[in-house]
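A look at the structure
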Amino acid sequence: MVHPAITRLSSLLGGPGIPGDTVDWDDLARTTGLSLPADYRDFVTLYGGGEPDEYLGISTPPVGGSPYGDLLDGLDFDPREDPTALTGTGPENPEKGRLLPFANSANSDVAFWLCDTRVPDGWDVVVFRRQPLHGEERWVRFDAGFGDFLVGALDGTLPNPFSDSGFTRRPHAYRNWRQPL
């Protein structure tokens, strides 16, 4: 059964058209200590690495041939360490927390998981805005996981998480890395 947030996301993006990426999630967790949220795993399996609306590049764990298979390159903490021992993970300064980037916008904004619990399904999304408007915060934390964050960004139910107008294309579409240009 597909995660409900990914089902909602599919209603916005349409079907994947091309099969997603195959990742051995158990092996990834065993070898790296990193378990990833269920909605993200379902997304990668269904859609694979690529870009919604050719705007937000979504990374995956290493997949042969994929230019989006760089998720582990952003892992700069040991997932086996206790995340509750951290300081500075409050909403006022999420950049001091354990962050794992999973997506980059066309304007170099970066979406991260705030890995502040051992339960990855509880990780909030934090966005670093490369060029925020005057008076806007550079770091923005969303009380949403991967799937709900993408749904909210695409359908406008979340405040715009990015430095620019972001997802303005309608209808939305997903471009898998295997699709020709």
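Residues numbered from 1 in each chain as written. Predicted model: local features only at pLDDT ≥ 70, side-chain atom pairs only at ≥ 80, totals over all residues. Heavy atoms only, no water.

Some points on the overall build of the protein
Selection criterion: Numbering of helices and strands runs from the N terminus; a helix is a DSSP stretch of H or I covering at least four residues, while a strand is a stretch of E covering at least two. As a reference, a globule follows 2.2 Å times the number of residues to the power 0.38, and the radius of gyration itself is taken over C-alpha atoms. Exposure is judged per residue with a 1.4 Å probe applied to protein chains only, and the accessible area is read against the type maximum: over 50% gives exposed, under 20% gives buried, and values in between give partly exposed. The contact definition used throughout considers only heavy atoms, calling two residues in contact when any of these lie within 4.5 Å. Note on areas: these come from Shrake-Rupley sampling with a 1.4 Å probe, and a residue is covered only by the protein chains present in the view.
A count of helices and strands for the protein gives 4 helices and 7 strands. Listed N to C, the secondary structure of the protein is α-α-α-β-β-β-β-β-β-α-β in terms of helices and strands. A globule of 181 residues ought to have a C-alpha radius of gyration of about 16 Å, and the protein, at 16 Å, matches this closely. Structurally, the protein occupies a C-alpha span of about 45 × 45 × 30 Å along its principal axes. Residues classed as buried in the protein amount to 49% of the 181 residues present. Long-range pairs, those at least 24 residues apart, make up 58% of the contacts in the protein between residues at least 6 apart in sequence. Accessible surface, the protein as shown: approximately 8,900 Å² in total, 50% of it carbon and sulfur.

A short note on the packing of helix H1 (residues 4-13) against helix H4 (residues 146-155)
Threshold: Fitted lines through C-alpha atoms give the axes, limited to the stretch in contact for helices. The angle between two N-to-C directions lies from 0 to 180 degrees. Throughout, the term roughly parallel applies to angles under 35 degrees, roughly antiparallel to angles over 145, roughly perpendicular to angles from 65 to 115, and oblique to all others. Helix crossings get a hand from a simple test, with the near helix turned counterclockwise from the far one by less than a right angle marking a left-handed crossing and a clockwise turn marking a right-handed one.
Closest axis-to-axis distance for the H1/H4 pair is 8 Å, and the angle between their directions is 30°. The orientation of H1 with respect to H4, classified from their angle, is roughly parallel. Relative to H4, the crossing made by H1 is left-handed. Contacts from Ala-5, Ile-6, Arg-8, Leu-9, Leu-12 and Leu-13 of H1 reach H4 at Phe-146, Gly-147, Asp-148, Leu-150, Val-151, Leu-154 and Asp-155.

So, the pattern of salt bridges
Oppositely charged side chains can form a pair if their charged atoms are brought close together. Convention followed: Criterion for a salt bridge: a side-chain nitrogen of Lys or Arg within 4 Å of a carboxyl oxygen of Asp or Glu.
Taken as a whole, this structure holds 6 salt bridges when the rule is applied. Across the pair Asp-21 and Arg-178 runs a salt bridge, and its minimum N-O distance is 2.8 Å. Of this pair, Asp-21 sits in the loop between H1 and helix H2 (25-32) while Arg-178 sits in the segment after strand S7 (174-176), placing them 157 residues apart in sequence. Judged by relative accessible area, which is 36%, Arg-178 ranks as partly exposed. In this structure, Arg-30 and Asp-27 form a salt bridge, with 2.4 Å as the shortest nitrogen-oxygen distance. Here Arg-30 pairs with Asp-27, and both are found in helix H2, just 3 residues apart, close to one helical turn. In this structure, a network of salt bridges that share partners links the residues Asp-116, Asp-124 and Arg-141.

Details of the packing of H1 against helix H3 (residues 38-46)
The criterion, for reference: Each residue is assigned to one of three groups, with Ala, Val, Leu, Ile, Met, Phe, Trp, Tyr, Cys and Pro labelled nonpolar, Asp, Glu, Lys and Arg labelled charged, and all others, Gly among them, labelled polar.
The geometry of H1 relative to H3 is characterised by a closest axis approach of 10 Å and an angle of 40° between their N-to-C directions. Classed by the angle they form, the pair H1 and H3 counts as oblique. On H3, the residues touching Ile-6, Leu-9, Ser-10 and Leu-13 of H1 are Asp-39, Asp-42, Phe-43 and Leu-46. In the contact of H1 with H3, the residues fall into 5 nonpolar, 1 polar and 2 charged.

A word on unusual backbone geometry
Of note in this structure, Glu-54 is not a glycine but carries a positive phi near 50°. Secondary-structure assignment places Glu-54 in the loop between strand S1 (50-52) and strand S2 (56-58).

Here we look at the nonpolar core
Threshold: Only buried residues count toward a nonpolar core, which is a set of Ala, Val, Leu, Ile, Met, Phe, Trp, Tyr and Cys residues joined through side-chain atoms within 4.5 Å.
Among the nonpolar cores identified, the biggest contains 41 residues, and Leu-36, Tyr-40, Phe-43, Phe-102, Trp-113, Phe-146 and Phe-149 are the most heavily contacted of them. With 6 residues, H4 is the largest single contributor of residues to this core. Ranked by size, the runner-up nonpolar core spans 6 residues in total, among them Phe-112, Leu-114, Val-126 and Phe-128.

Comments concerning the pairing of strand S6 (residues 139-142)
For the record, the criterion: Here, strands pair whenever DSSP counts at least two bridges between them.
The alternating pattern of S6 places Val-140 and Phe-142 on a buried face, while none of Trp-139 and Arg-141, on the opposite face, is buried. Note that strand S5 (residues 124-128) and S6 share 4 bridges and pair antiparallel. Looking at the pairing, Val-126 lines up with Arg-141 of S6.

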